[in-house]
Amino acid sequence: MRAKEKPQMKPQRKTGTRVIKWVLLLPVILIALVLLLVPVVLSSAKSRQLILAKINESVAGHTNFADLSMGWLKGVRVEDFSYKDDTGRIAVQAQRIATVPHYTSILTGRLSFGQTVIDDPKVEINLREPAPKTAARPSSPPQPVPTKAAGIALVTDVVVKDGTLRITDPEGRTVEATQINSKLGLRPPGEQSTFALSMAVSNKGKPSTVRADGRVTPGGSKTGWSLKGTSGEVTVEVNDLDLESIAPFLALGGIDVQAQGVVSGNAKGEINDGQFGGLTGKITAKDLDVTGPALKGDRLQTRDLDIDAKLNRKGDTIDIENLQLKTDWATASASGTVPTTFGSFNDFLEAGSNYNLEGNFKCDVAAVSSQMSHTLGLKKGMQITSGQLSGNVQTLTEAGRRQVRGQATLAGLEG
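Predicted model only: the values in this text are computed from it and were never measured.

**Things to note about the overall build of the protein chain**
Line of reasoning, step 1. For the protein chain, the count of helices and strands is seven helices and 19 strands.
Line of reasoning, step 2. The contacts of the protein chain with a sequence gap of at least 6 include a subset with a gap of at least 24, amounting to 49%.
Line of reasoning, step 3. Summed over all atoms, the accessible surface of the protein chain reaches about 28200 Å², with 58% contributed by carbon and sulfur.

**As for the environment of Val 338**
Line of reasoning, step 1. Relative to the elements of secondary structure, Val 338 occurs in strand β16 (residues 330-339).
Line of reasoning, step 2. Given a relative accessible area of 18%, Val 338 falls into the buried group.
Line of reasoning, step 3. Sequence-wise, Val 338 and Thr 317 are 21 residues apart; in three dimensions their C-alpha atoms are separated by 5.6 Å.

**With respect to the packing of aromatic side chains**
Line of reasoning, step 1. Enumeration over the complete set of coordinates arrives at zero aromatic pairs.
Line of reasoning, step 2. Of note, Arg 48 hangs over the ring of Phe 65, and the distance from its end group to the ring centre comes to 5.9 Å.

**Here's the deal with unusual backbone geometry**
Line of reasoning, step 1. At Asp 240, a position not held by glycine, the phi torsion is positive, near 55°.
Line of reasoning, step 2. On the secondary structure map, Asp 240 appears in strand β11 (residues 224-242).
Line of reasoning, step 3. Even without being a glycine, Asp 287 presents a positive backbone phi close to 55°.
Line of reasoning, step 4. With respect to the helices and strands, the residue Asp 287 is situated in strand β13 (residues 275-291).
Line of reasoning, step 5. Given the relative accessible area of 55%, Asp 287 is considered exposed.

**Section: the side chain of Thr 168**
Line of reasoning, step 1. Inspection of the secondary structure assignment puts Thr 168 in strand β7 (residues 151-168).
Line of reasoning, step 2. Given a relative accessible area of 9%, Thr 168 falls into the buried group.
Line of reasoning, step 3. Setting aside anything within four residues of it in sequence, one finds Thr 168 in contact with Ile 125, Asn 126, Leu 127, Arg 128, Arg 173 and Thr 174.

**So, the side chain of Thr 230**
Line of reasoning, step 1. On the secondary structure map, Thr 230 appears in strand β11.
Line of reasoning, step 2. Judged by its relative accessible area of 7%, Thr 230 is buried.
Line of reasoning, step 3. Those residues in contact with Thr 230 that lie beyond four places of it in its chain are Val 216, Thr 217, Pro 218, Gly 219, Ile 271, Asn 272, Asp 273 and Gly 274.

**Details of the layout of surface pockets**
Where empty space is left becomes clear once a probe the size of a water molecule has been rolled over the atoms.
Line of reasoning, step 1. By volume, the second largest pocket amounts to about 310 Å³.
Line of reasoning, step 2. Surrounding the second largest pocket, 19 residues form its lining, Leu 300, Leu 305, Leu 325, Thr 327 and Trp 329 being those nearest its centre.
Line of reasoning, step 3. Counting residues per element, the lining of the second largest pocket draws most heavily on β13, which supplies four residues.
Line of reasoning, step 4. When its residues are assigned to classes, the lining of the second largest pocket shows 15 nonpolar, three polar and one charged.

Rules and cut-offs
Residues numbered from 1 in each chain as written. Predicted model: local features only at pLDDT ≥ 70, side-chain atom pairs only at ≥ 80, totals over all residues. Heavy atoms only, no water. Helix = DSSP H or I, 4+ residues; strand = E, 2+ residues; numbered from the N terminus. Contact = heavy atoms within 4.5 Å. Areas by Shrake-Rupley, 256 points an atom, 1.4 Å probe, with all protein chains shown as cover. Buried < 20%, exposed > 50% of the residue type's maximum accessible area, 1.4 Å probe, protein only. Phe/Tyr/Trp six-rings, centres within 6.5 Å; stacked < 30°, edge-to-face > 60°. Lys NZ or Arg CZ within 6 Å of the ring centre and 35° of its normal. 1 Å grid on protein atoms, 1.4 Å probe; cavity = no way out; pocket = protein on both sides within 12 Å on 5 of 7 lines; lining within 4 Å. Points joined across faces, edges and corners; volume = space filled by probe spheres on them. Nonpolar A, V, L, I, M, F, W, Y, C, P; charged D, E, K, R; others polar.

The following block contains the structure:
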């Protein structure tokens, strides 16, 4: 009889190997759980309250939002955002703010965002003096806590959809800009940044439209953006803009000018290496009436204003291809090539230079003096009832010498 064979013993798994595998997998599992739970925690009501409390401690006003949600792929979304400052001058609302941050840059202490979209924002700015409040017992102001501001590495795109801006100036006049749609694309120094803006400005039921767009490549420097080395172009288009309606905008910018009239026009400007590179534009105005401290009490008035200009910079010269001005009381035109800077008039007349200038003008002396008496320095009591001043200027070369020849005629002067 054959002897019974002993069954072969299968090798047992080593308990130590299994333990090592779990030890190595455990941190990975924990990190994955943390990553999955972070959006859930930040989207909770408790986190919303903590974030709002931290924000309101840091700003002079009250901030609120209805909901905060976060996802690693969809980014961060804030619903029904609102802010009011303590003085009651500024109020901001937005239906939704959505952004996709670059999480890796946040870990290094620098804020970097992808596209940020702001839906239906409404901004109100009230420049009127607030009503006096009941005197309260003075208290010592809170001491600011020093904090280290986070650096902003890059905001790729900021998109505003269907915004509204309402401004009330110190005199109670109100202007409202609606249908604000804009896109701002910021890039680091040395790279091209872009912007585009369109809006409607309404006043007394007469809407006008404003559009602007441009591209700018700032010069790079160790400290950030620099005007030196900057290049780009900006285009602006205005249709039927009522100047009286934008008085609150001017007040917001600290510009003390009172203006009336309707303006339309378009202009395109260029910047090359931080300097003026060229300008092309046309402006028309109706029933223009402008005054302010800069005019020393004078009033600039005309039923019609037309400006047509085309200038280009070429090296150290400016080529005036076309420059025309027309008002009710004056017309002027000029063309030629002039230097950007020169030390004296002799530089302009230097032999062999390419500089030249031609122009002509005509104006109603009585109309100009009646409007601009302070600007022209006329003596008190002096009155001009009629008169026409006309003339021309040209640059020419005779007998090897460059000359500027001008001629002016004053006719029918009375007063």
